[in-house]
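The primary structure of each chain is shown beneath.
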Amino acid sequence: MILTDTHTHIYAGQFDEDQDEMIARAIEAGVTRMFMPNIDSTSIDAMMQLAEKYPDNCFPMMGLHPCSVNADFEKEIALVEEWHSKYKFCAVGEIGADLYWDKTYAKEQEVAFARQIELAKRLQIPIVIHNRDSFNETYDIVSKLKNEDLRGIFHCFSGTIEEAERVIALGGFKLGIGGVLTFKNSNLREVVKDIDIEHLVLETDSPYLTPMPYRGKRNESAYITYIAEKLAEVKGISIEEVAEITTHNSKEVYGI
Ligand code: NI
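This one's a predicted model, so the numbers in the text were calculated from it and none came from an experiment.

1. Side note on the pattern of salt bridges
Going through the model one piece at a time under the given rule, you end up with 14 salt bridges. The salt bridge involving Asp20 is made with Lys53; its shortest N-O contact spans 3.0 Å. Of this pair, Asp20 sits in helix α1 (residues 19-28) while Lys53 sits in helix α2 (residues 44-53), and the two are 33 residues apart along the sequence. Asp20 gets classed as partly exposed once you look at its relative accessible area, which sits at 35%. Where Arg218 meets Glu220, a salt bridge forms, and the shortest distance between an N and an O atom there is 3.4 Å.

Printed below as a string of structure tokens:
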């Protein structure tokens, strides 16, 4: 059984003490494919070190996270573009908008998002979209800039069935399903029940959004098994089938 974690920040400082053991646990659990979204200039070195150490398991993306967009974002975007010119990344990510905490740089977030979508179109690689409290904003930009080749993932999807259907109608986009699926108070299970599994990929978003039964603790890629188990239960299929289909879906997006 091969499971794919399509969104995991395993290079983060939270893993400094036990990074190798944590990756060994993931591989042991069948999670042999881990896709790493970048945050900003401060996270690149740690991410690239991991990609170099585990070239068959840890795949880096390059992008500027919306929470790191401020008045100075042009410099960060220039660095993202420079890295893409010298290294073949599997995606531009993670990019998008985050209007949960702070709307001060909402306009700059929009500009940075659009610039990075154009970059992905030039490079013909997918985008990984962060859309916390900003589904409509990110969706509108994607649908406006989309061309035939543009594809990607709406990461950490937790919206309504209508929103899911709008994403699917774009063509080329998958919904990233994470720990929220296992939360007792979540209605994501109801939504996911009505979506064809061909549109879904699994993700942990480690070290955040830890699934039950570890909710509140540090998340890690091995825990994708709890999300896969829950999805199997919701869909009434085996975890092996979930692993096979969602890994296939991830290959369709990333080409790896
Ligand atoms: Ni993330």
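Moving on, there is more to tell.
2. Re the environment of Asp133
Along the polypeptide, Asp133 turns up in the loop between β5 (127-132) and α5 (135-145). Every residue in contact with Asp133, bar those within four places of it in the chain, is listed here: Leu99 and Tyr100.

3. Details of the environment of His7
Note on placement: His7 falls in the loop between β1 (3-5) and α1. In sequence terms His7 and Ile177 are 170 residues apart; their C-alpha atoms lie 9.8 Å from each other. A polar side-chain atom of His7 sits 2.9 Å from a polar atom in the side chain of Glu94.

4. Focus: the pairing of strand β2 (residues 31-36)
Counting buried residues along β2, 5 of its 6 residues qualify, which places the element largely inside the surrounding structure. For β1 and β2, the ladder comprises 3 bridges, and the chain directions are parallel. Across the sheet, the residue bridging to Thr4 is Arg33, located in β2. On the question of chirality, the crossover connecting β1 to the parallel β2 by way of α1 is right-handed. Of the pairings in the sheet, the one linking β2 to strand β3 (residues 58-60) comprises 3 bridges and is parallel in character. Its bridge partner lying in β3, Phe35 is registered against Phe59.

Thresholds applied
Residues numbered from 1 in each chain as written. Predicted model: local features only at pLDDT ≥ 70, side-chain atom pairs only at ≥ 80, totals over all residues. Heavy atoms only, no water. Salt bridge = Lys/Arg side-chain N within 4 Å of Asp/Glu carboxyl O. Helix = DSSP H or I, 4+ residues; strand = E, 2+ residues; numbered from the N terminus. Buried < 20%, exposed > 50% of the residue type's maximum accessible area, 1.4 Å probe, protein only. Contact = heavy atoms within 4.5 Å. Polar contact = N/O pair within 3.5 Å; in protein donor to acceptor, adjacent residues only side chain to side chain. Pairing = 2+ DSSP bridges. Right-handed = clockwise from strand over helix to strand, strands pointing away.

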